[in-house]
Amino acid sequence: MPVVDNLIAFTFAATVLTLTPGLDTALILRTATVESRTQAMRAALGINAGCLLWGAAVAFGLGALIAVSELAYNLLKYCGAAYLAYLGLNMLLRPRQALSAAGEQARPVANWFLKGMMGNLLNPKVGIFYVSFLPQFIPQGEPLVAWTFGLVGIHVVLGLLWASALIAATQPLATVLRRGPVIQWMDRTTGLIFVAFAARLALSRR
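Criteria and thresholds
Residues numbered from 1 in each chain as written. Predicted model: local features only at pLDDT ≥ 70, side-chain atom pairs only at ≥ 80, totals over all residues. Heavy atoms only, no water. Patch = residues over 30% accessible without salt bridge, like charges linked within 9 Å, V, L, I, M, F, W, Y side chains within 5 Å. Areas by Shrake-Rupley, 256 points an atom, 1.4 Å probe, with all protein chains shown as cover. Salt bridge = Lys/Arg side-chain N within 4 Å of Asp/Glu carboxyl O. Buried < 20%, exposed > 50% of the residue type's maximum accessible area, 1.4 Å probe, protein only. Helix = DSSP H or I, 4+ residues; strand = E, 2+ residues; numbered from the N terminus. Axes fitted to C-alpha atoms, helices over the stretch in contact; angles between N-to-C directions. Left-handed = near helix turned anticlockwise from the far one by under 90°. Contact = heavy atoms within 4.5 Å. Nonpolar A, V, L, I, M, F, W, Y, C, P; charged D, E, K, R; others polar. Polar contact = N/O pair within 3.5 Å; in protein donor to acceptor, adjacent residues only side chain to side chain. UniProt positions renumbered as here; feature names shortened; annotations may be inferred.

Moving on: a nonpolar patch on the surface. Side chains of Phe60, Leu144, Val145 and Phe149 sit close together on the surface and give an oily, nonpolar patch of about 360 Å² of accessible area. Residue Phe60 is classed as exposed on the basis of its relative accessible area, which comes to 58%.

The topology assignment puts Asn90 in helix α5 (residues 70-93). Judged by relative accessible area, which is 24%, Asn90 ranks as partly exposed. Taking the C-alpha atoms as reference, Asn90 lies 8.9 Å from Asp187; in sequence the two are 97 residues apart.

Direction vectors running N to C along helix α3 (residues 37-59) and helix α7 (residues 111-121) enclose 35°, while the axes themselves pass 7 Å from each other. Note that α3 runs across α7; the crossing there is right-handed. Of the residues in α7, those touching α3 at Gln39, Arg42, Ala43, Leu45, Gly46, Ile47, Ala49, Gly50, Cys51, Leu53 and Trp54 are Trp112, Phe113, Gly116, Met117, Asn120 and Leu121. Of the residues contributing to the contact of α3 with α7, the split by class is 11 nonpolar, five polar and one charged.

Okay, the side chain of Thr33 next. Note on placement: Thr33 falls in helix α2 (residues 23-34). Within the structure, Thr33 has its side chain in polar contact with the backbone oxygen of Arg30 (distance 3.2 Å).

Per the UniProt record, the feature "transmembrane region" (unreviewed entry) sits at residues 6-29, 50-69, 75-93 and 144-165. From the first C-alpha to the last, residues 75-93 spans 27 Å; its make-up is 100% helix and 0% strand.

As structure tokens, this is what we get:
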């Protein structure tokens, strides 16, 4: 397949993947509506930083270890499930009733960036996906590392554009969405989604 056709095919496939609702979409929507556009963008940047790190793992062969080692795969899987369950249960059991300006200022700047990145890195399905998906779009004889990072870069750009669209879509309803009962509902709903994804990840097989 010619280089241009490879890039077009990958961009189409990555767009479909990006637009498919999942954990990342839930995290960005919840953070944008309940907290702020800035925090939501930090979460999105963290998620995409995780993609870049997975891309590096694939480019330098570490992703293949997750693909072939049952122990490495299960260890990462259960750590990821525990992390998602922890985040989800916190939102379910301790939903906030209101936003506190002082509390928001006291919160570490990198908080949602790290949450987004860790949620991505602790999901071995992302690594397996990159290991099995990216090589299909790398032309034979082309440099593996350069092409891997190039394709991951396309995926990251698409992810950031989609995150920006999601965040922008919440702004017209920001006043309503930040009311106490709505904040509680959003926290609990997102928490339930996180717990469901944690259970799905823990029980999943290759």
